[in-house]
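# Breakdown of the fold
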Amino acid sequence: VLAYVDFDNFKPFNDTYGFRQGDRALLLFSELMRKELTGEKTLLGHIGGDDLFIGLSGADLSEAADRIIRLTETFRRDVESFYDAEARRRGGILGHDRDGESRFYPLLTASVALVGVGKMRGLRSADDLAGHFDRHRAGLRRIFAVRHRGDRGRKVRQIFRALAQVRARHTERRRAERLAERD
(Lines give C-alpha, C1' and ligand atoms only; values in the text may rest on other atoms or scores of the structure.)
Protein backbone atom coordinates (compact mmCIF):
# COMPACT_ATOMS: atom_id res chain seq x y z
CA VAL A 1 0.00 0.00 0.00
CA LEU A 2 1.30 3.41 -0.96
CA ALA A 3 0.01 6.66 0.48
CA TYR A 4 0.46 10.26 -0.57
CA VAL A 5 -0.06 12.79 2.25
CA ASP A 6 -0.84 16.47 1.72
CA PHE A 7 -1.64 19.01 4.44
CA ASP A 8 -4.87 20.99 4.07
CA ASN A 9 -4.58 24.76 4.63
CA PHE A 10 -0.81 24.65 5.13
CA LYS A 11 0.00 27.83 3.19
CA PRO A 12 -2.30 30.10 5.21
CA PHE A 13 -0.98 28.47 8.41
CA ASN A 14 2.61 29.19 7.28
CA ASP A 15 1.70 32.73 6.22
CA THR A 16 0.07 33.46 9.60
CA TYR A 17 2.43 31.69 12.02
CA GLY A 18 5.70 31.65 10.06
CA PHE A 19 7.97 29.02 8.54
CA ARG A 20 9.28 27.88 11.90
CA GLN A 21 5.82 26.89 13.04
CA GLY A 22 5.18 25.29 9.63
CA ASP A 23 8.35 23.23 10.07
CA ARG A 24 7.15 22.22 13.52
CA ALA A 25 3.89 20.93 11.98
CA LEU A 26 5.87 18.87 9.44
CA LEU A 27 8.10 17.50 12.21
CA LEU A 28 5.06 16.63 14.32
CA PHE A 29 3.54 14.64 11.46
CA SER A 30 6.88 12.95 10.73
CA GLU A 31 7.27 11.94 14.38
CA LEU A 32 3.72 10.59 14.43
CA MET A 33 4.42 8.60 11.24
CA ARG A 34 7.51 7.03 12.81
CA LYS A 35 5.55 6.23 15.98
CA GLU A 36 2.37 4.90 14.35
CA LEU A 37 3.81 3.24 11.23
CA THR A 38 6.85 1.32 12.38
CA GLY A 39 8.35 -1.84 10.97
CA GLU A 40 11.04 -3.03 8.65
CA LYS A 41 8.63 -3.08 5.71
CA THR A 42 7.67 0.58 6.07
CA LEU A 43 9.02 3.41 3.93
CA LEU A 44 8.39 6.97 5.08
CA GLY A 45 9.46 9.97 3.04
CA HIS A 46 9.21 13.72 2.57
CA ILE A 47 8.53 14.58 -1.07
CA GLY A 48 8.81 18.33 -0.50
CA GLY A 49 6.83 21.17 1.00
CA ASP A 50 3.85 19.69 2.82
CA ASP A 51 3.81 16.48 0.73
CA LEU A 52 4.83 13.19 2.33
CA PHE A 53 4.96 9.56 1.26
CA ILE A 54 4.18 6.30 3.09
CA GLY A 55 4.84 2.81 1.78
CA LEU A 56 3.51 -0.18 3.77
CA SER A 57 4.63 -3.52 2.38
CA GLY A 58 2.55 -6.54 3.34
CA ALA A 59 -0.40 -4.51 4.66
CA ASP A 60 -3.83 -4.83 3.11
CA LEU A 61 -5.63 -1.67 2.10
CA SER A 62 -8.18 -1.80 4.92
CA GLU A 63 -5.50 -2.31 7.60
CA ALA A 64 -3.39 0.50 6.15
CA ALA A 65 -6.41 2.83 6.01
CA ASP A 66 -7.18 2.16 9.69
CA ARG A 67 -3.60 2.91 10.72
CA ILE A 68 -3.39 6.06 8.63
CA ILE A 69 -6.78 7.34 9.79
CA ARG A 70 -5.52 7.04 13.38
CA LEU A 71 -2.36 8.91 12.35
CA THR A 72 -4.27 11.78 10.71
CA GLU A 73 -6.72 12.07 13.61
CA THR A 74 -3.84 12.23 16.11
CA PHE A 75 -2.17 14.90 13.98
CA ARG A 76 -5.41 16.91 13.76
CA ARG A 77 -5.75 16.89 17.56
CA ASP A 78 -2.08 17.60 18.31
CA VAL A 79 -1.53 20.37 15.74
CA GLU A 80 -4.37 22.43 17.26
CA SER A 81 -1.91 23.45 19.99
CA PHE A 82 0.17 25.27 17.34
CA TYR A 83 -2.63 27.85 16.93
CA ASP A 84 -3.46 30.73 19.25
CA ALA A 85 -6.50 30.47 21.51
CA GLU A 86 -8.71 32.62 19.27
CA ALA A 87 -8.00 30.49 16.17
CA ARG A 88 -8.72 27.31 18.15
CA ARG A 89 -12.00 28.80 19.40
CA ARG A 90 -13.06 29.80 15.86
CA GLY A 91 -11.81 26.53 14.33
CA GLY A 92 -9.50 28.29 11.90
CA ILE A 93 -7.81 31.47 10.76
CA LEU A 94 -8.40 34.32 8.34
CA GLY A 95 -5.96 34.33 5.46
CA HIS A 96 -5.64 35.35 1.84
CA ASP A 97 -6.28 33.07 -1.11
CA ARG A 98 -4.19 33.08 -4.31
CA ASP A 99 -6.20 36.04 -5.63
CA GLY A 100 -5.50 38.09 -2.50
CA GLU A 101 -9.06 37.76 -1.23
CA SER A 102 -9.53 37.35 2.52
CA ARG A 103 -11.19 34.07 3.55
CA PHE A 104 -11.52 31.67 6.45
CA TYR A 105 -9.28 28.59 6.55
CA PRO A 106 -10.04 25.68 8.92
CA LEU A 107 -7.31 24.30 11.19
CA LEU A 108 -4.62 22.08 9.66
CA THR A 109 -5.54 18.53 8.70
CA ALA A 110 -3.85 15.96 6.49
CA SER A 111 -5.45 14.45 3.38
CA VAL A 112 -4.25 11.04 2.29
CA ALA A 113 -4.68 9.10 -0.93
CA LEU A 114 -4.10 5.35 -0.58
CA VAL A 115 -3.25 3.04 -3.44
CA GLY A 116 -3.20 -0.74 -3.15
CA VAL A 117 -0.61 -1.97 -5.66
CA GLY A 118 -0.21 -5.68 -4.91
CA LYS A 119 3.16 -7.38 -4.50
CA MET A 120 6.21 -5.16 -4.74
CA ARG A 121 9.13 -7.52 -4.19
CA GLY A 122 12.58 -6.53 -5.36
CA LEU A 123 12.08 -2.78 -5.12
CA ARG A 124 15.32 -1.28 -3.88
CA SER A 125 15.28 2.30 -5.16
CA ALA A 126 13.04 5.20 -6.08
CA ASP A 127 13.57 4.26 -9.73
CA ASP A 128 12.34 0.70 -9.05
CA LEU A 129 9.29 2.09 -7.25
CA ALA A 130 8.43 4.52 -10.04
CA GLY A 131 8.90 1.74 -12.60
CA HIS A 132 6.58 -0.49 -10.59
CA PHE A 133 3.92 2.23 -10.66
CA ASP A 134 4.36 2.67 -14.41
CA ARG A 135 3.85 -1.07 -14.99
CA HIS A 136 0.86 -1.44 -12.63
CA ARG A 137 -0.93 1.87 -13.03
CA ALA A 138 -3.77 0.33 -15.06
CA GLY A 139 -4.12 -2.59 -12.66
CA LEU A 140 -4.47 -0.72 -9.40
CA ARG A 141 -6.92 -2.80 -7.43
CA ARG A 142 -8.51 -0.13 -5.31
CA ILE A 143 -8.11 3.59 -4.80
CA PHE A 144 -9.76 5.73 -2.22
CA ALA A 145 -9.03 8.85 -0.21
CA VAL A 146 -8.97 9.07 3.56
CA ARG A 147 -10.62 12.44 3.89
CA HIS A 148 -13.83 14.05 4.96
CA ARG A 149 -14.13 15.92 1.65
CA GLY A 150 -12.14 16.44 -1.52
CA ASP A 151 -11.26 15.22 -4.97
CA ARG A 152 -9.91 11.67 -4.85
CA GLY A 153 -8.72 11.80 -8.46
CA ARG A 154 -6.64 14.91 -7.79
CA LYS A 155 -4.81 13.16 -4.94
CA VAL A 156 -4.09 10.09 -7.06
CA ARG A 157 -2.75 12.30 -9.85
CA GLN A 158 -0.54 14.00 -7.26
CA ILE A 159 0.86 10.59 -6.24
CA PHE A 160 1.89 9.83 -9.80
CA ARG A 161 3.33 13.33 -10.32
CA ALA A 162 5.32 13.03 -7.09
CA LEU A 163 6.62 9.60 -8.08
CA ALA A 164 7.58 10.96 -11.50
CA GLN A 165 9.54 13.73 -9.77
CA VAL A 166 11.28 11.22 -7.50
CA ARG A 167 12.10 9.07 -10.50
CA ALA A 168 13.46 12.06 -12.46
CA ARG A 169 15.70 13.11 -9.54
CA HIS A 170 16.89 9.54 -9.09
CA THR A 171 17.61 9.15 -12.83
CA GLU A 172 19.48 12.46 -12.92
CA ARG A 173 21.54 11.44 -9.86
CA ARG A 174 22.40 8.09 -11.51
CA ARG A 175 23.37 9.90 -14.74
CA ALA A 176 25.65 12.27 -12.80
CA GLU A 177 27.24 9.33 -10.97
CA ARG A 178 27.94 7.55 -14.27
CA LEU A 179 29.49 10.70 -15.73
CA ALA A 180 31.64 11.10 -12.63
CA GLU A 181 32.82 7.48 -12.94
CA ARG A 182 33.89 8.12 -16.56
CA ASP A 183 36.01 11.13 -15.59
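Preceding this section is the structure that the text describes.
A brief report on the enclosed structure follows. (Residues numbered from 1 in each chain as written. Predicted model: local features only at pLDDT ≥ 70, side-chain atom pairs only at ≥ 80, totals over all residues. Heavy atoms only, no water.)

## Digging into the environment of phenylalanine 13
With respect to the helices and strands, phenylalanine 13 occurs in helix H1 (residues 10-17). When the C-alpha positions of phenylalanine 13 and leucine 108 are compared, they lie 7.5 Å apart, and in sequence the two are 95 residues distant. Not counting residues within four places of it along the chain, the set of residues in contact with phenylalanine 13 comprises Gly18, Gln21, Gly22, Ala25, Phe82, Tyr83, Ile93 and Leu108. (Helix = DSSP H or I, 4+ residues; strand = E, 2+ residues; numbered from the N terminus. Contact = heavy atoms within 4.5 Å.)

## Some remarks on the pattern of salt bridges
Applying the stated criterion to the full structure yields six salt bridges. With a closest N to O distance of 2.9 Å, glutamate 73 and arginine 76 form a salt bridge. Placement of the pair is glutamate 73 and arginine 76 together in helix H3 (residues 61-79), with a separation of three residues, close to one helical turn. Arginine 89 serves as the salt-bridge partner of glutamate 86, at 2.5 Å between the closest nitrogen and oxygen. (Salt bridge = Lys/Arg side-chain N within 4 Å of Asp/Glu carboxyl O.)

## Some points on the nonpolar core
Within the largest apolar cluster, 34 residues are counted, with the highest numbers of intra-cluster contacts made by Phe7, Phe29, Ile54, Phe75 and Leu108. Elements with a contribution of two residues or more to this core: strand S1 (2-8), H1, helix H2 (19-36), strand S3 (51-56), H3 and strand S6 (109-116). Ranked by residues supplied to this core, first place goes to H3 with seven residues. The residues touching phenylalanine 75, leaving out its near neighbours within four places in the chain, are Phe7, Ala25, Leu28, Phe29, Leu32, Leu108, Thr109 and Ala110. (Core = buried A, V, L, I, M, F, W, Y, C linked by side-chain atoms within 4.5 Å. Buried < 20%, exposed > 50% of the residue type's maximum accessible area, 1.4 Å probe, protein only.)

## Comments concerning the layout of surface pockets
Taken as a whole, the second largest pocket holds about 290 Å³ of empty space. If you list the elements that add at least two residues to the lining of the second largest pocket, you get H1 and strand S5 (102-106). The greatest single-element share of the lining of the second largest pocket, amounting to four residues, is contributed by H1. For the lining of the second largest pocket, the per-class residue count stands at three nonpolar, two polar and six charged. (1 Å grid on protein atoms, 1.4 Å probe; cavity = no way out; pocket = protein on both sides within 12 Å on 5 of 7 lines; lining within 4 Å. Points joined across faces, edges and corners; volume = space filled by probe spheres on them. Nonpolar A, V, L, I, M, F, W, Y, C, P; charged D, E, K, R; others polar.)

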